[in-house]
Amino acid sequence: MTEDFEHSQFAHCESGVVSTLLTHYGLKISEPMAFGITSTLSFAFFPFIKINNLPLIAYRDLPKNIVKKIEKVLGITILKKQYKNLLEANLELTKLVEKEKKLVGLQTSVFYLPYMPENMRFHFNAHNLLVYGKKGKNYKISDPVFEDVVECSEKDLTKARFAKGAFAPKGFIYYPTNIPKEIDFSAILKKAIKKNAKSMLTPFPFAGIKGMKKLAKSIEKLQNNTDERFIKNYLTHIVRMQEEIGTGGGGFRFLYAAFLQESKQYNLDNKKLQKASELIIQSGDTLRFFALKCVESAKKIEKFDAKEISSILQKASTLEEEAFKLLKTI
């Protein structure tokens, strides 16, 4: 078995898995660096794309963004493979972790992982984890959201790997096969930070800062809505998209702020990095307060104040706008 890797608990599954994989294969890289170097921080509010008849809200780029982009950004090679045949997928996974002693990343559905507490299980097909060995019919798993390693039967893991629906994993497996000996992090970081700033300051009205402001306005319009059930559903949907799928929404902001702090060692404009980091931390705190207010209002609709909740999100958008305007000129 691949026992010489170090299991760690992370803030987010994909950035945590990529950090562990690259570190294990010879390139020590933190979770914030894996997240930030791929310009993964984002915001999107798409009222025309429905999830359970409510608008899509996202706090980061699409699933697989980190896996795909880190390969291009760092000039490394990652083997990435999907399967049509379940037996082939299992045989290859077993061969990789048992015979070749490899540590591999998988994309799975949260819902079909039996070691997940029931209240954490929902139909989300972009959960990343690591497999480092096999014992009998059980795979040995390092799941980045857990404190310790766990085990999962081949039968259950197969269900999770081949779940249907949005972002269907199709048995997706990945691990690095080549890492350059020399990487110019200073140039890469500057480019990545500017790229993320550009995406957050986009003129497109449903993305970045403008997307945050648009969601704030949609919440404000709820004040005149007499359908209390719809308001409760809308508010809980916002929280679910932020807190369950979006690593706290604010959690991604804290990750990015940590990335900016780490970037200070690479000969960039440290004053701008420091100020932007502070502003993004404030935005993360504000987003957590925003979620709390949404929950309180959903529980006690008589306390619902659309303008107050909208203004909290507006505050977060203003903080991020100031931060990314600084980073755009780094």
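Just so we're clear, the structure is a prediction, and the values are computed from it rather than from any experiment. (Residues numbered from 1 in each chain as written. Predicted model: local features only at pLDDT ≥ 70, side-chain atom pairs only at ≥ 80, totals over all residues. Heavy atoms only, no water.)

With respect to unusual backbone geometry
Move 1: A positive phi is found at Phe167, a non-glycine position, where the angle reads about 60 degrees.
Move 2: Tracing the backbone shows Phe167 in the loop between α5 (154-161) and β8 (173-178).
Move 3: If you check the backbone angles, Asn267 has positive phi at about 60 degrees while not being a glycine.
Move 4: Along the polypeptide, Asn267 turns up in the loop between α9 (250-262) and α10 (270-299). (Helix = DSSP H or I, 4+ residues; strand = E, 2+ residues; numbered from the N terminus.)

Regarding the packing of aromatic side chains
Move 1: For the structure on display, the rule yields 14 aromatic pairs.
Move 2: Aromatic side chains Tyr256 and Phe324 sit 5.9 Å apart centroid to centroid with 40 degrees between the ring planes, which places their arrangement in the tilted category. Separated by 68 residues along the polypeptide, Tyr256 in helix α9 and Phe324 in helix α11 (residues 306-327) bring together distant segments of the chain.
Move 3: Residue classification places Tyr256 among the buried positions, given a relative accessible area of 0%.
Move 4: A network of ring pairs unites the aromatic residues Phe46, Phe48, Phe204 and Phe206 as a single cluster.
Move 5: A cation over a ring is seen here: Lys64 above Phe172, with NZ or CZ 4.2 Å from the ring centre. (Phe/Tyr/Trp six-rings, centres within 6.5 Å; stacked < 30°, edge-to-face > 60°. Buried < 20%, exposed > 50% of the residue type's maximum accessible area, 1.4 Å probe, protein only. Lys NZ or Arg CZ within 6 Å of the ring centre and 35° of its normal.)

Scope: geometric values only; no functional claims are made or implied.
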